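Working through the structure, step by step
Residues per chain are reported as follows:
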Amino acid sequence: MRRALASLLFALLALPATASAQSLEYAAPTASISRGAPLTFAVRTDAPDGSVVVRVSGSDEVDVAGLLTGPEGTWVDETAMPAVEGLQVWSVPASSILRQRPGHYYWQAYLSGDAATGAEEPIGPVQQLVVTVPMADRGRGKLFPRFGRRGGTAFYLSSENFPATVDGARFKALAKKASSRWGLRAQRWTSVEAGVQDGYSVAGFSSRVPRGVLGVQTDYIRGGRVIERDLALRADENWAAGPDYPGLDQIDLESVLIHELGHMAGTKRHRPRCANSPMIEALGAGEWWRGPRDKWFGECTSGARASSVRKTLVHRLVRMD
Ligand SMILES: [Zn+2]
């Protein structure tokens, strides 16, 4: 029995990983890792040292050849290094965006140079990698007084100008959660428009918010008293309503709601970009602040920038008023 097992193991070891000499077989990572955890891309192959490249992208878009692609700056290439016989790896540095920024990524290995010519499968299949935030670090709980003042306003949710990409029930859930964190109260739906002075405090989307502005919170004052508080979000924006983190080309709806409702609760001042606060002056695509340990702002730490070698994951900056 024992001898049979030993000879089986020997037979497995003696065999190459697969029949084709230049194939790419993924050995690591698993489909999901926790933020900050070690991350190594490992490929079993008999291809020459230095010919295996690992590509990681923020989207699953591929070109005609099956190679991950997308706007410049949204993917990164790294040449794998030989680890042991038949195994080439890229061990990702701790400060890399891939270990620091939670979210969904897509990766594959491919052969470069002479190794790619004549190879049966020069481009390996695309795999998903999810970088997660521990449950205890996820954004929740009250935001006052640490990040601003406590509010008391009750407001309606506008069903007007609603973007097709945002689910109404999801928007309502996000608005209720974000408002309660500031002491505000999100109430029922209305057909009243957001951002119009009409006697009703309303939060919703508007086609009148200019390009480059994600949302506008307005207090209407009469006789020294606030008579109406509105929040208008830009309808024509590439919103990510969660709960997944935004893609690199998406604006995080929860972060913008938290910010604008902070204004509605009475905090008018902005904090500098990269401060650990929901009241920061700008938010880029692919960024978020949902809680003090549930946030990502691009290019705020020198380490993240230095480690991503030649390419960085670029973020669009949009003013948040
Ligand atoms: Zn603001």
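For clarity, every value in this text was computed on a predicted model and none was experimentally measured.

Looking now at the nonpolar core. A general feature of soluble globular proteins is that nonpolar side chains tend to end up buried together. W182, L233, W239, L253, L257 and L261 are the most contacted members of the largest nonpolar core, which totals 35 residues. Elements represented by at least two residues in this core include exactly β10 (154-158), α3 (168-181), β12 (202-206), β14 (225-234) and α4 (253-264). If near-sequence neighbours (up to four positions away) are discounted, L261 is found in contact with F155, A175, A178, S179, W182, L184 and L231. L24, A47, V76 and V133 belong to the second largest nonpolar core, which has 28 residues in total.

Moving on to the coordination of the zinc ion. The reference angle at a metal is 109.5 degrees if four donors form a tetrahedron and 90 or 180 degrees if six donors form an octahedron. Coordination of the zinc ion by the protein comes from H259 (NE2), H263 (NE2) and H270 (NE2), over a distance range of 2.0 Å. Taken in chain order, the donor set of the zinc ion reads H-x3-H-x6-H. Pair noted here: H259 is in helix α4 and H270 is in the loop between α4 and β17 (282-284), with a separation of 11 residues, a long-range link. A residue is classified by how much of its surface remains accessible, and H259, at 0% relative accessible area, is buried.

Turning our attention to the packing of aromatic side chains. Counted by the stated rule, this structure contains 12 aromatic pairs. With centroids separated by 4.4 Å and ring planes inclined at 40°, the aromatic side chains of Y26 and W107 adopt a geometry described as tilted. With Y26 in strand β1 (residues 25-28) and W107 in strand β8 (residues 103-111), the pair connects residues that are 81 residues apart, well separated along the chain. Judged on exposure class, the residue Y26 and its partner W107 are both buried.

Taken as a whole, the protein shows an average pLDDT of 87; of its residues, 87% reach a score of 70 or greater. Contacts of residues 1-20 to residues separated by more than four positions or lying in other chains number 5 contacts, the stretch itself having pLDDT below 50. Confidence drops under pLDDT 50 across residues 303-317; counting only partners more than four residues distant or on other chains, this segment forms 39 contacts.

The antiparallel open sheet is built from 4 strands, whose spatial order is β1-β3-β7-β6. Each edge of the sheet is formed by a strand with only one pairing partner; in this case those strands are β1 and β6 (81-84). Averaged over all pairs of adjacent strands, the angle between strand axes in this sheet comes to 35°, irrespective of strand direction. Of the pairings in the sheet, the one linking β1 to strand β3 (residues 40-44) comprises 3 bridges and is antiparallel in character. Its bridge partner lying in β3, A28 is registered against A42.

This part is about the environment of C274. Looking at the element boundaries, C274 is found in the loop between α4 and β17. Residues C274 and K295 lie 21 residues apart in sequence; the distance between their C-alpha atoms is 9.9 Å. When residues no more than four places from it in sequence are discounted, the contact partners of C274 are I280, F297 and C300.

Rules of the game
Residues numbered from 1 in each chain as written. Predicted model: local features only at pLDDT ≥ 70, side-chain atom pairs only at ≥ 80, totals over all residues. Heavy atoms only, no water. Core = buried A, V, L, I, M, F, W, Y, C linked by side-chain atoms within 4.5 Å. Buried < 20%, exposed > 50% of the residue type's maximum accessible area, 1.4 Å probe, protein only. Helix = DSSP H or I, 4+ residues; strand = E, 2+ residues; numbered from the N terminus. Contact = heavy atoms within 4.5 Å. Donors = N, O, S within 2.8 Å, 3.2 Å for Na, K, Ca; no water. Phe/Tyr/Trp six-rings, centres within 6.5 Å; stacked < 30°, edge-to-face > 60°. pLDDT = per-residue confidence, 0-100. Pairing = 2+ DSSP bridges. Axes fitted to C-alpha atoms, helices over the stretch in contact; angles between N-to-C directions.

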